[in-house]
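# A closer look at the structure
Now for the letters of each chain:
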Amino acid sequence: MKPLSNLHSEKLFFKRIFGSLDSCPDMLNEVSYAILKKCGGLPLAIISISGLLANKPCVKEEWEKVKRSIGADLNKRQSLEGMKNILSLSYNDLPPNLKTCMLYLSNFPKDYVIERERLVRRWIAEGFISEERGQSHQDVAENYFYELINKSMVQPIDIGYDGKVQACRVHDMMLELIISKSIEENFITVVSGNQTVWENSQCFIRRLSIQHIDQHLASELAKKDLSHVRSLTVTSSSCIKHLPSLVEFETLRVLDFEGCKGLKKYDMSSIDKLFQLQYLSFRGTEISEVPSGIVMLHDLETLDLRDTFIEELPGGIVQLIKLQHLLMKNMYGTDETRIPIGIGNMTNLLGISGFNITSSSVHAVEELGKLINLIVLHVRYIADSEESHKYRRHGDMLLSSLCKLGSFKLQSLCIDGGNSCPFELLDSWSPLPSYLQSYKMSTPYSLSKLPKWIAPLASLAYLDINLSVLTEQDLRILGVLPALLSLELHVDNVQKEMLPVKGVGFRCLKEFVYALYEGTTANLLFEEGALPKLEKLELPFFVSTARAYCLYLGIEHLPCLKDLDIVIYNKGATSSECEAAAVAIRKEASQHPNHPRLILSQIYKGSDTDDDEVSRGQSDAIEAS
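This report concerns the structure included in the present document. (Residues numbered from 1 in each chain as written. Predicted model: local features only at pLDDT ≥ 70, side-chain atom pairs only at ≥ 80, totals over all residues. Heavy atoms only, no water.)

## Some details on the pairing of strand E16 (residues 486-494)
Stated precisely, the cut-off is as follows: A pair of strands is treated as paired once DSSP finds two or more bridges between them. Starting at the N terminus, helices and strands are each numbered in turn, a helix being any DSSP run of H or I of at least four residues and a strand any DSSP run of E of at least two. Consider the strands pointing away from the viewer: the crossover is right-handed when the path from the first strand over the helix to the second runs clockwise.
Pairing of strand E15 (residues 462-470) with E16, which is carried by eight bridges, proceeds in the parallel orientation. Looking across to E16, one finds that Asn466 is bridged to His490. Viewed along the sheet, the connection from E15 through helix H13 (residues 472-479) into E16 turns out right-handed. Here E16 runs beside strand E18 (residues 511-516); their pairing, made up of six bridges, is parallel. The residue bridging Leu489 from the neighbouring strand is Tyr514, located in E18.

Next comes the structure, spelled out in structure tokens:
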């Protein structure tokens, strides 16, 4: 890869520190260009140094110290040692708490995508996080995560419209650095084939990351004292057969098997001896039963059973009253996991997912309302329309529990369901869930009207909802939600064939997905001033409807648009009309000053009995520029 030009180097450097190319104070100009010269146009060097300087005061002497620390110019000697020197500067500048959190990332292999929630929960379980100024452990840990991103120590992955980063990745060279630091400080032992380095034989192994292990390494590991290991991370399925017995890990606080297939062959009988365990993940494994000894792990705070074949929890799970995250998702798709009776005693729970309301007892559903600290609730309500009467009490009790949770701390609600769901009951939700930030209907069922409790929600940022009929009044109500960032509307019918989106409301909306069910052919028209911050738009375009009005969407009125995904429906239109529609949409996109990425697909429909022929595989995916 060629080094960056001087201009691009300056843009990357100055925008990272000051927000723009021309905001550098005059007193720092000379030293800034001297530092840039030493970086030699290498993006990683520029990002690392600018991340370091962005967190330092604008004092010339401080910047001069950084310049002297860099050493030789990298444009003259683009050596690995020179690059490592720059990365070491960034690492050494971290406060002790962030150094610990940074070193912990050496648990994960090269190019591994590390989810934010998984990482911060593990930091907490390890004891790295202390409460600060009234903030919870979770809040402090998340602040540390974002500090590492802001200092350019890790690369953010999947940034949401609310600015939240869902995951991160460590650059290869930074990973090499923190692994070497971990070895020096006996922080983590990484077992990874011939790259494995064993610490001094007199040192205890404190944390163990097994990424690749063969018979020889297994024999070496068998000679080690594992009684002081605080965390065990296994990231490769091939390692399972060579793992030491759990009975050897007396002081384990973190046990993470995420993504390891074949785990059902591993002996879990001694898991009940891990009395200090706080974090346990079987996510993405093939186990079908929860080890019975789990009920003895009274310090457990996170139990992640998502993407497994587990359908039932042991009754004693409710004894784990310190548990904060109880996460389920069955890979069979049977969705029969029942809420354990007694869950109301687990009042430290912050998040639960994957339980089926209709498979559970009414009493267990009622107990959900006792979870005063619950923030995230993701449940299923599976019942065909023919048997909906059988589960009326379940629906009533779910509403009762939601009314209680809404008055506590509930921020995120998702209900997956079939054709018969208690969503209409939610129109009676009272008191209002004033903290709710995300509400998702994952079901083919459609509400007869927009629930009245949605309009007053000042914190609602994500809304995914199905409506029988969409009206202009609905759009006006949704448009005044002050925090709404993402809106998915799935609609059976629309009040008008051409529904205008007015130039008022939706002041914060960044993502809009508009989907119509079979039989409806209504287009949207965006008027001037509409959706001033919208970045992503997905919607259908009906040629037959547009023919009666205009082949025009109004995307020129969406000043921040970056991504545009349009499906053209051709039923009732000639091939020339369809082509004219495609040309018009491409023209609109190409004339937009942002040059948004355009994905244009077509669905061909013949008679009403013909199957759809979707040309998405041959869709246009073009940069409209």
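## Observations concerning unusual backbone geometry
For clarity, the cut-off: Summary of the burial criterion: residues with accessible area below 20% of their type's maximum are buried, those above 50% are exposed, and those between are partly exposed, where the area comes from a 1.4 Å probe applied to protein chains only.
Cis geometry marks the peptide bond from Ser430 to Pro431, where omega comes out at 0°. Mapped onto the fold, Pro431 is located in the loop between strand E13 (412-417) and strand E14 (438-442). Even without a glycine there, the phi angle at Asn186 is positive, about 50°. Position of Asn186 among the secondary structure elements: in the loop between helix H9 (172-184) and strand E4 (189-192). Look at Asn186 and you get buried, because its relative accessible area is 9%. Although it is not a glycine, Phe506 sits at a positive phi angle of roughly 50°. Considering the arrangement of structural elements, one finds Phe506 in the loop between strand E17 (498-501) and E18.

## Looking at the packing of helix H1 (residues 6-18) against helix H3 (residues 43-53)
Short version of the rule: Geometry is summarised by axes, namely lines fitted to C-alpha atoms with helices restricted to the contacting stretch, and by angles between N-to-C directions that run from 0 to 180 degrees. For classification purposes, an angle smaller than 35 degrees is called roughly parallel, one larger than 145 roughly antiparallel, one from 65 to 115 roughly perpendicular, and anything else oblique. We call a crossing left-handed when the near helix sits turned anticlockwise from the far one by less than a right angle, and right-handed when that turn is clockwise. Residue contacts are counted whenever heavy atoms from the two residues lie within 4.5 Å of one another.
Viewed as axis vectors pointing N to C, H1 and H3 meet at an angle of 25°, and their least axial separation amounts to 8 Å. Relative to H3, the element H1 lies roughly parallel. Crossing handedness for the pair H1 and H3: right-handed. Along its contact with H1, which presents Ser9, Leu12, Phe13, Arg16 and Ile17, the element H3 presents Pro43, Ile46, Ile47, Ile49, Ser50, Gly51 and Leu53.

## So, the nonpolar core
Counted only if it meets this: Note on terminology: a nonpolar core comprises buried Ala, Val, Leu, Ile, Met, Phe, Trp, Tyr and Cys residues joined through side-chain atoms within 4.5 Å.
If you look at the biggest cluster of nonpolar residues, it comprises 128 residues, and the most contacted ones within it are Tyr439, Leu489, Phe512 and Tyr514. If one sorts the elements of this core by residue count, helix H12 (residues 392-406) sits on top with six residues. Residues within four places of Leu489 in sequence aside, it is in contact with Ile465, Leu467, Leu470, Leu475, Leu478, Phe512, Val513, Tyr514 and Ala515. Phe14, Leu36, Met102 and Leu177 belong to the second largest nonpolar core, which has 62 residues in total.

## As for the sheet that holds strand E3 (residues 165-169)
Reading across the sheet, the three strands line up as E1-E3-E2 and stay open at both edges, with antiparallel pairing between neighbours. The outermost strands of the open sheet, each flanked by one partner alone, are strand E1 (114-115) and strand E2 (155-159). Bridge count for E2 against E3 is four bridges, and the pairing is antiparallel. Across the sheet, Ile159 pairs through a bridge with Val165, a residue of E3. Set on the sheet, helix H8 (residues 137-150) makes contact with E2 and E3; between it and E3 the angle comes to about 55°.

## Structural notes on H9
An α-helix turns once every 3.6 residues. As a result, residues three or four positions apart point the same way. Quick reminder of the rule: Here a helix's expected span is defined as the number of its residues, less one, multiplied by 1.5 Å.
Relative to the 18 Å expected for 13 residues at 1.5 Å per residue, H9 spans 19 Å between its end C-alpha atoms, a close match to the ideal helical length. Buried residues of H9: Met173, Met174, Leu175, Leu177, Ile178, Lys181 and Ser182, and no others. Count one or two residues on from H9 and you reach Asn186, which has phi positive near 50°.

## Comments concerning the environment of Gly193
Within the secondary structure, Gly193 is located in the loop between E4 and strand E5 (207-212). Judged by relative accessible area, which is 15%, Gly193 ranks as buried. Along the primary structure Gly193 and Asp214 are separated by 21 residues, whereas in three dimensions their C-alpha atoms are 7.1 Å apart. Leaving out residues up to four positions away in the same chain, Gly193 has contacts with His212 and Leu217.

## Let's talk about the packing of H1 against helix H2 (residues 29-39)
To be explicit about the condition: Charged residues are taken to be Asp, Glu, Lys and Arg, nonpolar residues to be Ala, Val, Leu, Ile, Met, Phe, Trp, Tyr, Cys and Pro, and polar residues to be all remaining types, Gly included.
Across the interface, H1 lies against H2 with an axial gap of 11 Å and an inter-helix angle of 120°. In terms of axis orientation, H1 runs oblique to H2. In the crossing of H1 with H2, the sense of the turn from one axis to the other is right-handed. Residue-level inspection shows Ser9, Glu10, Phe13 and Phe14 of H1 in contact with H2, the latter providing Ser32, Tyr33, Ile35 and Leu36. Looking at side-chain class alone, the contact of H1 with H2 contains five nonpolar, two polar and one charged residues.

## Describing the packing of aromatic side chains
This is how the line gets drawn: Between the rings of Phe, Tyr and Trp (Trp by its six-membered ring), a pair exists once the centres lie within 6.5 Å; its type follows the angle of the planes, with under 30 degrees stacked, over 60 edge-to-face, and the other angles tilted. Charge-over-ring placement is defined geometrically: NZ (Lys) or CZ (Arg) within 6 Å of the ring centre, and within 35 degrees of the ring normal.
Tallied over the entire structure, the rule returns 14 aromatic pairs. On the numbers, 5.7 Å between centres and 65° between planes, the contact of Phe14 with Tyr33 is edge-to-face. Here Tyr33 lies in helix H2 and Phe14 lies in helix H1, a separation of 19 residues in the sequence. The exposure class assigned to Phe14 is buried, which follows from its relative accessible area of 2%. Residues Phe257 and Tyr266 carry aromatic rings whose centres are separated by 6.0 Å and whose planes lie at 65° to one another, so their mutual orientation is edge-to-face. Its relative accessible area of 0% is what places Phe257 among the buried residues. The exposure class assigned to Tyr266 is buried, which follows from its relative accessible area of 9%. Three or more aromatic residues link up through ring pairs in this structure, and these residues are Phe13, Phe14, Phe18, Tyr33 and Trp63. Note that Arg207 overlies the ring of Phe187, its terminal NZ or CZ placed 4.3 Å from the centroid.

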